[in-house]
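# Survey of secondary and tertiary structure
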Amino acid sequence: MSDYYATLGVSRDASTEEIKRAYRKLARQHHPDVAGPGSEDKFKEIAAAHETLSNPEKRQMYDMGGQPGMGGAGAGFGFSDIFETFFQAAAGGGGSRGPASRARRGQDALLRISIELSEAAFGVTKDIEVETAVLCTTCQGSCCRPGTSPTTCEVCHGRGSVQRMARSFLGQVMTTTACANCSGFGSIITDPCTECAGEGRVRTQRTVRVNVPAGVDDGTRIKLTGQGEVGPAGGPPGDLYVEVREKRHPLFTRRGDDLHCTTELPMTAAALGTVLELDTLDGARELDIRPGTQPDEVVTLRGLGVGHLNGGGRGDLHVHVQVSVPTKLDEEQERLLRELAGLRSEERPEARLAPAGNGVFSRLREKFQGR
Ligand code: ZN
């Protein structure tokens, strides 16, 4: 399948309006009446791209890597399905293929779920409600009222196609087209099942269990084969795709399978060292702050990040230390600090200049913020 977005020269997140505008412009340029007969293929490609991308459902299917043609018109048990069958039957030609089957594969569906960061870290099993179509138990997908069966089409006598003489630039030719009376099915349902209105399937709510593995990323799609809707006339079910959205965690920011957070540390604790009690995804953990910890230093707790998607192990939790300097000192505190400054000969420190943004700290920050 060609890249429809490239064909129309739009980005993958272009709005429907942008897609239509791009299509109109290109269609004018490449219309065979304007650009000559050589442009016909290009024109068809543009039309196909527009057909798919301007329809939200087809676009979704296309984005998922599905075949847009496989789907129907959606909620209303699409008529486009029937026409596709019709044209496929017609294109098959030759009359040797026999009538088209009413049963066709159901549409794929896409569903979004939100999960917490901890659920992404450890994996989770979710039961989700889906609105879908299932086999009609009254007619078992035959579409006929129980005890009845379809009657053979009297126009095509069950062949599903009719032959006709047609005039073309080659002279008279025999063409085979799908029978319009029975839509190419070769039979007509005269007594449709009342439960499903002759569709062979009914709409319903169903609970689907999804196993979300540890390490899924925001936007990951999990494919549940055969969990989509049952097709027309009890055709095989499509697939269900579950797209995982990860909720923002108030404290931890995820980068890959690593987590990052900051902690504020009093100047004295940074100088003297301490042990901080930290609420991690795994519960309380002790964070060792060694004496002489610098502002923006990163202390890492190994293996407390998100589980790796493929295989064992987990990412790390990086704690970025922010050293806070007291702004209000009482007399006693000020006296002690002055005394300390005196002991360290820091009462009048020398200016030690460095170019802006070139320090070791900003390099550290860059490292953990992903370049
Ligand atoms: Zn039925």
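One can find the structure itself at the top, above this paragraph.
Residue numbers here run from 1 along each chain, matching the order of that chain's written sequence. In keeping with the predicted nature of the model, local features appear solely for residues at pLDDT of at least 70, side-chain atom pairs appear and are counted solely at 80 or more, and the whole-chain, interface and lining totals rest on all residues. Excluded from the side-chain calculations are hydrogens and water; all other atoms, namely the structure's heavy atoms, are used.

The rule is short: rings of Phe, Tyr and Trp, with Trp giving its six-membered ring, pair when the centres are within 6.5 Å, and they are stacked under 30 degrees, edge-to-face over 60, tilted in between. Considering all chains together, one arrives at two aromatic pairs under this definition. Where tyrosine 4 meets tyrosine 62, the ring centres are 4.8 Å apart and the plane angle is 15 degrees; that geometry is what we call stacked. Taken together, the positions of tyrosine 4 in helix H1 (residues 4-8) and tyrosine 62 in helix H5 (residues 56-63) put the pair 58 residues apart, joining distant regions of the chain. Per residue, the accessibility class of tyrosine 4 equals that of tyrosine 62, and both read buried. When the centroid spacing of 6.0 Å and the interplanar angle of 45 degrees are considered together, the rings of tyrosine 5 and tyrosine 62 count as tilted. Linking tyrosine 5 in helix H1 with tyrosine 62 in helix H5, this pair joins segments that are 57 residues apart in sequence. Categorising residues by exposure relies on relative accessible area from a 1.4 Å probe, with only protein chains included: less than 20% of the type maximum marks a residue as buried, more than 50% marks it as exposed, and the intermediate range marks it as partly exposed. Classification of tyrosine 5 by relative accessible area gives buried; the value is 2%. For the purposes of this entry, the term helix denotes a DSSP run of H or I that reaches at least four residues, the term strand denotes a run of E that reaches at least two, and both are numbered from the N terminus.

Looking now at the sheet that holds strand E10 (residues 253-255). Being paired, for any two strands, means DSSP has found at least two bridges between them. An order of E10-E11-E15-E14 is seen for the four strands of this open sheet, with the pairing classed as mixed. Single-partner strands in this sheet number two, and they are E10 and strand E14 (298-301). For this sheet the average axis-to-axis angle between neighbouring strands, irrespective of direction, equals 35 degrees. Strand direction decides the pairing type here: E10 and strand E11 (residues 258-266), joined by three bridges, are antiparallel. Directly across from threonine 253, in E11, lies its bridge partner histidine 260. Lines fitted to C-alpha atoms define the axes here, with helix axes fitted over just the stretch in contact, and angles between the N-to-C directions of these axes take values from 0 to 180 degrees.

Below, the discussion takes up the packing of helix H2 (residues 16-30) against helix H4 (residues 40-53). The contact between H2 and H4 brings their axes to 10 Å, and the two run at 165 degrees. Overall, the two elements H2 and H4 adopt an arrangement that is roughly antiparallel. Read as a crossing pair, H2 and H4 show a hand that is left-handed. Here H2 contributes Ile19, Lys20, Tyr23, Leu26, Ala27 and His30 to the contact with H4, which in turn contributes Lys42, Phe43, Ile46, Ala47, His50 and Leu53. Ten residue types, Ala, Val, Leu, Ile, Met, Phe, Trp, Tyr, Cys and Pro, are classed as nonpolar, four, Asp, Glu, Lys and Arg, as charged, and the remainder, Gly among them, as polar. Residues belonging to the contact of H2 with H4 are distributed by class as follows: eight nonpolar, two polar and two charged. Angular relationships are summarised with four words: roughly parallel below 35 degrees, roughly antiparallel beyond 145, roughly perpendicular across 65 to 115, and oblique for the angles in between. Handedness of a crossing is defined here by the sense of rotation of the near helix relative to the far one, left-handed for an anticlockwise turn of less than a right angle and right-handed for a clockwise turn. Contacts between residues were defined by any pair of non-hydrogen atoms, one from each residue, lying within 4.5 Å.

Treat this as a map of the structure, not an account of what it does.
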